[in-house]
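Results of the structural survey
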Amino acid sequence: MRGGGDDDDTQEEPCTQAVLDYDESLFNEEARLVPLVGGELDEGGAAVLPTEAGIAFTIGRTDTSDLILTDEVWASEPRVHRRHASITLRDDGAYVLALVGKGMSTFVNGVALYHIELPWQRHEQAPVVLADGDELRFGGLLDAGYDKFVYKLIAPEAAQPDRETEPIAAAPVRRLR
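These figures come from a predicted structure and were not determined experimentally. (Residues numbered from 1 in each chain as written. Predicted model: local features only at pLDDT ≥ 70, side-chain atom pairs only at ≥ 80, totals over all residues. Heavy atoms only, no water.)

**Considerations on the overall build of the protein**
Helices and strands together make up the secondary structure of the protein, namely 0 helices and 15 strands. By the burial criterion, 34% of the 177 residues in the protein qualify as buried. Taking as baseline every contact in the protein between residues at least 6 positions apart, the subset at least 24 positions apart corresponds to 54%. For the protein, the exposed surface amounts to about 11,200 Å²; the carbon and sulfur share of it is 49%. (Helix = DSSP H or I, 4+ residues; strand = E, 2+ residues; numbered from the N terminus. Buried < 20%, exposed > 50% of the residue type's maximum accessible area, 1.4 Å probe, protein only. Contact = heavy atoms within 4.5 Å. Areas by Shrake-Rupley, 256 points an atom, 1.4 Å probe, with all protein chains shown as cover.)

**A word on the pairing of strand S1 (residues 32-37)**
A regular strand carries its side chains on alternate faces of the sheet. Most of S1 sits out of view: 5 of its 6 residues are buried. Two elements, S1 and strand S3 (residues 47-48), share 2 bridges in a ladder whose sense is antiparallel. Along S3, the bridge assignment pairs Arg32 with Val48. Relative to strand S14 (residues 150-154), S1 is paired through 4 bridges, and the arrangement is antiparallel. The residue of S14 that forms the bridge with Pro35 is Tyr151. Here S1 pairs with strand S2 (residues 40-41) via 2 bridges, running antiparallel. (Pairing = 2+ DSSP bridges.)

**Focus: the nonpolar core**
Membership of the largest hydrophobic core comes to 27 residues, with the highest contact counts inside it found for Leu33, Ile87, Leu97, Leu136 and Phe138. Of all the elements in the fold, those that place two or more residues in this core are strand S4 (56-60), strand S6 (85-89), strand S7 (95-99), strand S13 (135-138) and S14. Beyond its immediate chain neighbours, meaning those up to four positions away, Ile87 contacts Leu33, Leu49, Ile55, Ala56, Phe57, Ile59, Tyr95, Val96, Leu97, Leu130 and Leu136. (Core = buried A, V, L, I, M, F, W, Y, C linked by side-chain atoms within 4.5 Å.)

**Details of unusual backbone geometry**
Backbone geometry places Asn109, a non-glycine residue, at a positive phi of 50°. Along the polypeptide, Asn109 turns up in the loop between strand S8 (106-108) and strand S9 (111-113).

**Observations regarding the packing of aromatic side chains**
Under the counting rule described, the total for this entry stands at 1 aromatic pair. The side chain of Arg137 reaches across the aromatic face of Phe107, ending 4.0 Å from its centre. (Phe/Tyr/Trp six-rings, centres within 6.5 Å; stacked < 30°, edge-to-face > 60°. Lys NZ or Arg CZ within 6 Å of the ring centre and 35° of its normal.)

So, in structure tokens, the structure goes:
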């Protein structure tokens, strides 16, 4: 007791331990894809990406995908391939998105990326180096308002691309005829 009587020679120790009220997941340095639901991050639905170079993190409709994307509303006309895309950690510490399926889009920060092969044209997307904070949307069309599978990449410790030298860009269409 401070300023206590003569018979009390004990003093309170000053508080040296602060009680912090914070969400520990905000400080989690694991690289992960976090769903955006109504514009808000849903850490409960986060999928952790591999930390070992060369291991592919698969995205698609199959049960064997690391991130399974199913949509009952569009079950008869799927907007995502069975094997849609993969994300791999390179030896230099960068995460790279590669498209696997043909015809359905994936968007990175609003840029449409896709493979398409028709008798008269071919469009094959090169892998894209991802950056911490990139927004990824799997499936659908840009103008259709399909926003079922939107994720934010949280990877602060990954190697970050220089968007000046490695911009996100769709591959050019090659006319075959």
